[in-house]
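# What the coordinates show
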Amino acid sequence: GGGVGVMDVETGEVLAMANYPDYNPNSISSADIKKMKIPFVTDPFEPGSVFKVFTVASALENKKASKMTKYFCEKGSYMVDGHQVNEAESKKKYEWLSVQEILRYSSNIGTTKIAFDLGLDLLKRDLEELGVGKKTNIQLPGESRGIFNYKKESSRIRLSNLSFGQGVATTGIQILSAFSTLANGGKYMPPTILKGGNLEKKGSRVFSEETVSQIEEMLVDSVYNGTGKNAQVEHFQIAGKTSTAQKPSKNKGYEGYIPAFVGFPTNIDRRFVIYAYIDSPKGEVYYGNVSAAPV
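So, a few notes on the structure that sits alongside this text. (Residues numbered from 1 in each chain as written. Predicted model: local features only at pLDDT ≥ 70, side-chain atom pairs only at ≥ 80, totals over all residues. Heavy atoms only, no water.)

## Here's the deal with the overall build of the protein chain
Looking only at helices and strands, the protein chain has nine helices and eleven strands in total. Against the compact-globule benchmark of 19 Å for 295 residues, the protein chain has a radius of gyration of 18 Å, which places it among compact chains. If you line up the protein chain on its principal axes, its C-alpha atoms span 55 × 45 × 45 Å. Looking at the protein chain as a whole, 52% of its 295 residues qualify as buried. Put simply, of all contacts in the protein chain between residues at least 6 apart along the chain, 65% involve residues at least 24 apart. (Helix = DSSP H or I, 4+ residues; strand = E, 2+ residues; numbered from the N terminus. Rg over C-alpha atoms; globule rule 2.2 N^0.38 Å. Buried < 20%, exposed > 50% of the residue type's maximum accessible area, 1.4 Å probe, protein only. Contact = heavy atoms within 4.5 Å.)

## A look at the pairing of strand 2 (residues 14–20)
Relative to strand 2, strand 1 (residues 2–8) is paired through six bridges, and the arrangement is antiparallel. Looking at the pairing, G3 lines up with N19 of strand 2. Adjacent in sequence and paired antiparallel, strand 1 and strand 2 are bridged by five residues, among which G12 carries a positive phi angle near 80 degrees. (Pairing = 2+ DSSP bridges.)

## Details of the packing of aromatic side chains
Across all of its chains, the model carries twelve aromatic pairs by this definition. Here Y275 and Y277 contribute two aromatic rings whose centre-to-centre distance is 5.7 Å and whose plane-to-plane angle is 50 degrees, an arrangement assigned as tilted. Residues Y275 and Y277 agree in their burial class; the two are buried. Clustering of aromatic rings is evident, with ring pairs tying together F40, F45, Y275 and Y277. A cation over an aromatic ring shows up here: R156 above the ring of F116, its NZ or CZ 3.9 Å from the ring centre. A cation over an aromatic ring shows up here: R158 above the ring of Y150, its NZ or CZ 4.0 Å from the ring centre. (Phe/Tyr/Trp six-rings, centres within 6.5 Å; stacked < 30°, edge-to-face > 60°. Lys NZ or Arg CZ within 6 Å of the ring centre and 35° of its normal.)

## Brief notes about helix 4 (residues 108–118)
Among the eleven residues that make up helix 4, ten are buried, leaving the element largely enclosed by the rest of the structure. Buried within helix 4 we find N108, I109, G110, T111, T112, K113, I114, A115, F116 and L118. Here helix 4 starts with a cap whose side-chain oxygen sits 3.4 Å from the backbone nitrogen of I109, and that cap is S107. Just past helix 4, the residue G119 takes up positive phi, approximately 90 degrees. (Polar contact = N/O pair within 3.5 Å; in protein donor to acceptor, adjacent residues only side chain to side chain.)

## Re the sheet that holds strand 2
The five strands lie next to each other as 2-1-11-10-9, forming an open sheet whose pairing is antiparallel. Strands with a single pairing partner mark the edges of an open sheet, and in this sheet they are strand 2 and strand 9 (238–248). Going across the sheet, the axis of each strand differs from the next one's by a mean of 10 degrees, ignoring polarity. Sheet analysis places strand 10 (residues 254–265) next to strand 11 (residues 272–278), joined by four bridges and oriented antiparallel. By the bridge assignment for strand 11, A260 is matched with Y277. In the packing of helix 2 (residues 50–61) onto the sheet, contacts are made with strand 9 and strand 10, and the angle to strand 9 comes to roughly 115 degrees. Taken strand by strand, helix 8 (residues 209–225) contacts strand 9 and strand 10, and its axis lies near 75 degrees from that of strand 9. (Axes fitted to C-alpha atoms, helices over the stretch in contact; angles between N-to-C directions.)

## Considering the nonpolar core
Membership of the largest hydrophobic core comes to 66 residues, with the highest contact counts inside it found for F54, L162, F179, L182, I215 and Y275. The greatest single-element share of this core, amounting to eight residues, is contributed by helix 2. Sequence-distant contacts of I215, defined by excluding residues within four places in its chain, comprise V53, V56, A57, L60 and L182. Core analysis: the next-biggest nonpolar cluster, separate from the first, contains six residues, V223, A231, A292 and A293 among them. (Core = buried A, V, L, I, M, F, W, Y, C linked by side-chain atoms within 4.5 Å.)

## Some remarks on unusual backbone geometry
The linkage connecting Y20 with the following residue, P21, adopts the cis geometry, with an omega of 5 degrees. Within the fold, P21 resides in the loop between strand 2 and helix 1 (39–42). Its identity is not glycine, yet S280 carries a phi of approximately 55 degrees, on the positive side. Residue placement: S280 occurs in the loop between strand 11 and helix 9 (288–291). On the accessibility criterion, S280 (29% relative accessible area) is partly exposed.

## Some thoughts on the packing of helix 2 against helix 8
The geometry of helix 2 relative to helix 8 is characterised by a closest axis approach of 9 Å and an angle of 140 degrees between their N-to-C directions. Taken as axis vectors, helix 2 and helix 8 run oblique relative to one another. Crossing of helix 2 over helix 8 shows right-handed handedness. Residue-level contacts link V53, V56, A57, L60 and E61 of helix 2 to T211, Q214, I215, M218 and L219 of helix 8. The class makeup of the residues in the contact of helix 2 with helix 8 is seven nonpolar, two polar and one charged. (Parallel < 35°, antiparallel > 145°, perpendicular 65-115°, else oblique. Left-handed = near helix turned anticlockwise from the far one by under 90°. Nonpolar A, V, L, I, M, F, W, Y, C, P; charged D, E, K, R; others polar.)

Shown next, in the form of structure tokens:
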């Protein structure tokens, strides 16, 4: 399965949204009933590494780190509360990385350490302002608010997981809207499927223009020098982020993956963000750069 959405960042208008598998409304069978919804709005899942961008943006905004702050990434293995935090690819043995390089190479350990300097309270506040854990109130039935249960006493390992998008569940429309905030100068616009549906709304500022300008530079770097190389498009400068999130198993733990890519062209007059994810891709190669970025 999979989904994709496109949103005008200035107006919040959703220009396109699609999911697979789908059904033909002109010829419905009983087998179609489970498909008669829009999973982009109704089905939350753990977003994975696209969340690292929000962690870094929050750290910059709250002056807990700068683009060039360096963190030791423990050569690929880091113990937190008795749990081992690893990089997505076991062969990656990073040592000292700047914040920009942490995003470029999508380091779980580096993002964990940024989150520890930031703290749960500030990160949670900024994520809530981006709409995490809340319905967007888009004009479509069955919207999920996702899963976002964090309290002050939440453990360090849960903060670590949150920093790189595990232990939290979001819908496609939540990620599309949150990422559009970064492409819109730091202002969140609620998503709407109505043309002119937000004419009376000015949006709400989450990040300063200075913060999102730095984030944009880092996201362009991620596409041209890091994990997002397959999202490059001729004639356009693309800013974006890959992810390869693990899927929870029915028997606890994880099995399978949901790779994704979210990004936007920077050198156009009217900006739009595209979010594409693939549910359980077939084949041996399942990383976001290989399966979702080309979409």
